[in-house]
Amino acid sequence: MDERTGDFDAPLTFFMLLYALSFYRFTESKKTKYILFTAIFLTFAVLMKGIAGLLFLPGLLLWALAAGSLKAVMISRQTWIGAAVFVVLVG
């Protein structure tokens, strides 16, 4: 089957938008449930089209630095739960 039709581009864009917006919601509200949503949507994006789903991660890291929430992200339990879910499902 020819994979050059772009069938997975729209869902990939959707999940990337969702994980970027979830991360933005976390930096604005400091509610840790948004970190878990970010990890779930990131997992779906990577499962959809591989490494292309990770495209926004450097930007999110810079955003966390600029917003002053990098420490809050790193010490959150939801970050590590989301990372575990990502590794189990993608790995």
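Some details on the pattern of salt bridges
One pass over the full model with this rule turns up 1 salt bridge. Asp9 serves as the salt-bridge partner of Lys49, at 2.3 Å between the closest nitrogen and oxygen. With a gap of 40 residues between them, Lys49 in helix α2 (residues 33-49) and Asp9 in helix α1 (residues 9-29) connect regions that are remote in the sequence. Residue classification places Lys49 among the partly exposed residues on the basis of a relative accessible area of 40%.

Quick word on the nonpolar core
The biggest cluster of nonpolar side chains holds 14 residues, and the ones touching the most others in it are Met16, Tyr19, Phe23, Phe26, Ala45 and Val73. Elements with a contribution of two residues or more to this core: α1, α2 and α3 (57-67). In terms of residue count, α1 provides more of this core than any other element does, 6 residues in total. If we skip the residues at most four places from it in the chain, Phe26 touches Lys31, Thr32, Tyr34, Ile35, Ser69, Ala72 and Val73.

Thresholds applied
Residues numbered from 1 in each chain as written. Predicted model: local features only at pLDDT ≥ 70, side-chain atom pairs only at ≥ 80, totals over all residues. Heavy atoms only, no water. Salt bridge = Lys/Arg side-chain N within 4 Å of Asp/Glu carboxyl O. Helix = DSSP H or I, 4+ residues; strand = E, 2+ residues; numbered from the N terminus. Buried < 20%, exposed > 50% of the residue type's maximum accessible area, 1.4 Å probe, protein only. Core = buried A, V, L, I, M, F, W, Y, C linked by side-chain atoms within 4.5 Å. Contact = heavy atoms within 4.5 Å.

Worth remembering: the numbers are spatial, not functional.
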